[in-house]
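Analysis of the macromolecular model
Residues per chain are reported as follows:
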Amino acid sequence: MSTTKTEEPSGEKPKSPGVDDDPTLIAARLKLELAKVEKEEARLGLVDQAERAKLVSGMLPDFSTVTVEKDTLTASEQTSAVAECLIQGALFNVVDDIADDVMQAVNTSLATGGSPPPATFFVTTTPSHRDDVAAYRDVDARLKRLHSAISSICPDTAAVPGAPDQRNIVAPAITAALGALPGAITMATRLFAHQYVTSSYTSSNAAGVDLHAAGSLLSRVAARPETRVLVRRLQPARDADLEARTLQLALVLDGRLARRRVGAHGDAAVAKAKVDQLSARRAQLRTRADELHTAWKDKVGKSASSAGLSEDLDLVDSLEEAIAGGEPDSKQTKRFSQALAVVKKRIETVLEAIASGTGEMGAAELLEQVQALDNEAAQLAGEEATASQEKAQTDQRVSDLDAVHAAGLEFIESLGAADSAGERLFDKACFGALLSTPGTLALLVRVVHAGADGIDDLKLGPDHRITVFGGSVEWALQDHEGNSMGAGVRTQIKYQKTGISKPDKSSGGILVGSRETKPRIVLAAP
């Protein structure tokens, strides 16, 4: 009989299923704890912060490649439009200093009696004002030569028309247009490191420099209110004397000189017709005389033949040969010499009869007609010579009139021709006439170089834009004869530090150049 062994339980009593071990209760308890955590996070705003952090993390680049302990530096070719205004502001300060230098030079000249009191300041930005003076002198000389030539061939030319009044047009002040303000700058690419965005800008815009120089001079010539300040690019090209003389030349070319040319060409045609008529008449007389002379010689020839003149001439030749071949003292040579003398005497008698036109050898009526024709031809030759001389004088007058007329038209056409800069010669000459007037001073102001360098300092905290800007301006002052009264180069470099997010928070100053607040030098009182 088998026996079954029953294991006895250990000392621990088995647990019976309770409420704490219920899975449903455990899940409910965890859900309650999570709800408490979410409520606490909501109370502390951690959920919104996590969402913002996630959003920012998606917008930011990977900073694992950025060395935190070093700043980053990048370059940008984009510049602010305000940089041009900053540069011009610095240039205007330089021009104000130049105006003081100009006044000092003029006052020094007045004190030493070196130049007349200034009546006009002529401000220009290009050194071509001396070319204007040269153009005026050339035009003036050509005008004088043309008027002198016309007066010599047309002494009764029309009077000079009245010159129009010279009216000076004062240009209004022109304000510089501001560029667009810089747009908003994003600041999403920095965490612990700074980022410097640098930019460099070279300005080639010199607009307004001459106007500002004119304004500065105007504020300094209060002691002489009659002194004018003109700006070349705004001053109309006008000169009363030059306009009047040019107008007179045009009127003479199209009026009296043109009529004189027509009359001279008519006189030349009449003179030519007269010479041709006289020449034709002389040719007719010469032909008739030749015909009569031929008829006379024919008759004389026949008469001479009937008188045995030809045989006598042949006999003379034979006798001379026989005498030359014989002995000089022989009887035969003596007989030949006596016969030769008789024959020659007979020939002389015949020739005398022919020359005198008498006897049967003559043709008196023919000889008289030939002589009359010769006399008339000689008279016509004198008349023709006189007419030819008159024609030559008329042709020379026509040539002179045509040459002066062509030169005048070419001159007037050249006044309207434009150079490579599109400026007419007449306008340049008018400016040159003004610059050649005693009391006119030409002031050249020209920007040598200008630019701006900028740095955007982006970091945690306030961001700033630091701009260094400025330029150099050269100047030269000359009197109406081209003598230099002063020259130099002025430079100013400034800086400005501006808050990017708060542009009203800014500071700055001058690095190189004169102080902005200094006493002004004005024109000395008369």
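What counts and how
Residues numbered from 1 in each chain as written. Predicted model: local features only at pLDDT ≥ 70, side-chain atom pairs only at ≥ 80, totals over all residues. Heavy atoms only, no water. Helix = DSSP H or I, 4+ residues; strand = E, 2+ residues; numbered from the N terminus. Buried < 20%, exposed > 50% of the residue type's maximum accessible area, 1.4 Å probe, protein only. Contact = heavy atoms within 4.5 Å. Areas by Shrake-Rupley, 256 points an atom, 1.4 Å probe, with all protein chains shown as cover. Expected span 1.5 Å × (residues − 1). Patch = residues over 30% accessible without salt bridge, like charges linked within 9 Å, V, L, I, M, F, W, Y side chains within 5 Å. Salt bridge = Lys/Arg side-chain N within 4 Å of Asp/Glu carboxyl O. Phe/Tyr/Trp six-rings, centres within 6.5 Å; stacked < 30°, edge-to-face > 60°. Axes fitted to C-alpha atoms, helices over the stretch in contact; angles between N-to-C directions. Parallel < 35°, antiparallel > 145°, perpendicular 65-115°, else oblique. Nonpolar A, V, L, I, M, F, W, Y, C, P; charged D, E, K, R; others polar. Pairing = 2+ DSSP bridges. Core = buried A, V, L, I, M, F, W, Y, C linked by side-chain atoms within 4.5 Å. Lys, Arg positive; Asp, Glu negative; His and termini not counted. Charge placed at Lys NZ, Arg CZ, Asp CG, Glu CD. pLDDT = per-residue confidence, 0-100. Left-handed = near helix turned anticlockwise from the far one by under 90°.

Right, let's get into the overall build of the protein. Each helix and strand in the protein was counted, giving 11 helices and 8 strands. Evaluated residue by residue, the protein yields a buried proportion of 32% over its 526 residues. Across the protein, every contact between residues at least 6 apart in sequence was considered, and the portion connecting residues at least 24 apart equals 79%. Carbon and sulfur atoms form 56% of the exposed surface of the protein, whose accessible area is close to 32300 Å².

Our focus in this paragraph is helix α3 (residues 82-112). Each α-helix winds once per 3.6 residues, and so residues spaced three or four apart point in a common direction. When the terminal C-alpha atoms of α3 are compared, their 46 Å separation across 31 residues agrees well with the 45 Å that a helix rising 1.5 Å per residue should span. In terms of burial, α3 is a largely internal element, 22 of the 31 residues being buried. Just downstream of α3, G113 is the residue with a positive phi angle, here 70°.

With that out of the way, let us pick up a nonpolar patch on the surface. On the surface, I455, I466, V468, Y495, L511 and V512 cluster together into a nonpolar patch covering about 440 Å² of accessible area. Going through the elements one at a time, β6 (464-478) and β8 (506-512) are the ones with two or more residues in the nonpolar patch. Within the secondary structure, V512 sits in strand β8.

We now examine the packing of aromatic side chains. For the coordinates displayed, the defined rule picks out 1 aromatic pair. Note on F122 and F431: the rings are 5.7 Å apart at their centroids and 50° apart in plane angle, and the pair reads as tilted. Here the residue F122 occupies a position in strand β2 (residues 120-124), and F431 occupies one in helix α11 (residues 425-435), the gap between them amounting to 309 residues.

A few words now on the pattern of salt bridges. Pairing between side chains becomes possible if they bear opposite charge and their charged atoms approach one another. Applying the stated criterion to the full structure yields 16 salt bridges. Close ionic contact of D100 with R220 constitutes a salt bridge, the shortest N to O distance being 2.8 Å. Pair noted here: D100 is in helix α3 and R220 is in the loop between α5 (209-218) and β4 (228-231), with a separation of 120 residues, a long-range link. Residues D100 and R220 agree in their burial class; the two are buried.

This paragraph deals with the packing of helix α4 (residues 129-153) against α11. Viewed as axis vectors pointing N to C, α4 and α11 meet at an angle of 100°, and their least axial separation amounts to 7 Å. By the angle between their directions, the pair α4 and α11 is classed as roughly perpendicular. Across from H129, D131, D132, V133, A135, Y136 and V139 in α4, the residues of α11 making contact are L425, K428, A429, F431, G432, A433 and L435. Looking at side-chain class alone, the contact of α4 with α11 contains 9 nonpolar, 2 polar and 3 charged residues.

Pairing analysis gives 15 bridges linking β6 to strand β7 (residues 484-499), with the strands arranged antiparallel. Residue pairing for β7: V473 is matched across the bridge by R490. Between β6 and the antiparallel strand that follows it, β7, lie 5 residues; G482 among them carries a positive phi value of about 90°.

Turning next to α4. When the terminal C-alpha atoms of α4 are compared, their 37 Å separation across 25 residues agrees well with the 36 Å that a helix rising 1.5 Å per residue should span. What α4 keeps buried is the set H129, D132, V133, A135, Y136, V139, D140, L143, L146, H147, I150 and I153.

Turning our attention to the nonpolar core. Ranked by internal contacts, the top residues of the largest apolar core, which has 35 residues, are V102, V106, F121, L217, V445 and L477. Looking at this core, the element that brings in the most residues is α3, giving 13 residues. Dropping the residues within four chain positions of it, F121 is found in contact with V102, M103, V106, L217, V221, T227, R228, V229, L230 and L441.

Turning next to a negative patch on the surface. Where like charges cluster on the molecular surface, the negative patch consists of E311, D314, D317 and E321. With respect to the element layout, E321 can be found in helix α8 (residues 309-325).

A few words now on the confidence of the model for the protein. Per-residue pLDDT for the protein averages 74, and the proportion of residues at 70 or more is 72%. Averaged pLDDT values for the elements of the protein fall to 52 in strand β1 (residues 72-75) and rise to 93 in β2. Scored below 50 in pLDDT, residues 1-8 makes 0 contacts in the model with residues more than four places away or belonging to other chains. Scored below 50 in pLDDT, residues 157-194 makes 62 contacts in the model with residues more than four places away or belonging to other chains.

Checked against the element boundaries, A258 lands in helix α7 (residues 256-306). The spacing of A258 and L401 is 143 residues in sequence and 8.6 Å in space, taken between C-alpha atoms. When neighbours within four sequence positions are excluded, A258 is seen to be in contact with V252 and L253.

On to the packing of α3 against α5. Two elements in contact, α3 and α5, have axes separated by 9 Å at closest approach and are oriented at 45°. Judged by the inter-axis angle, α3 sits oblique to α5. By crossing handedness, the relation of α3 to α5 is classed as right-handed. Contacts between α3 and α5 involve F92, V95, D96, A99, V102 and M103 on the former and, on the latter, V209, H212, A213, S216 and L217. Split by residue class, the contact of α3 with α5 holds 8 nonpolar, 2 polar and 1 charged.

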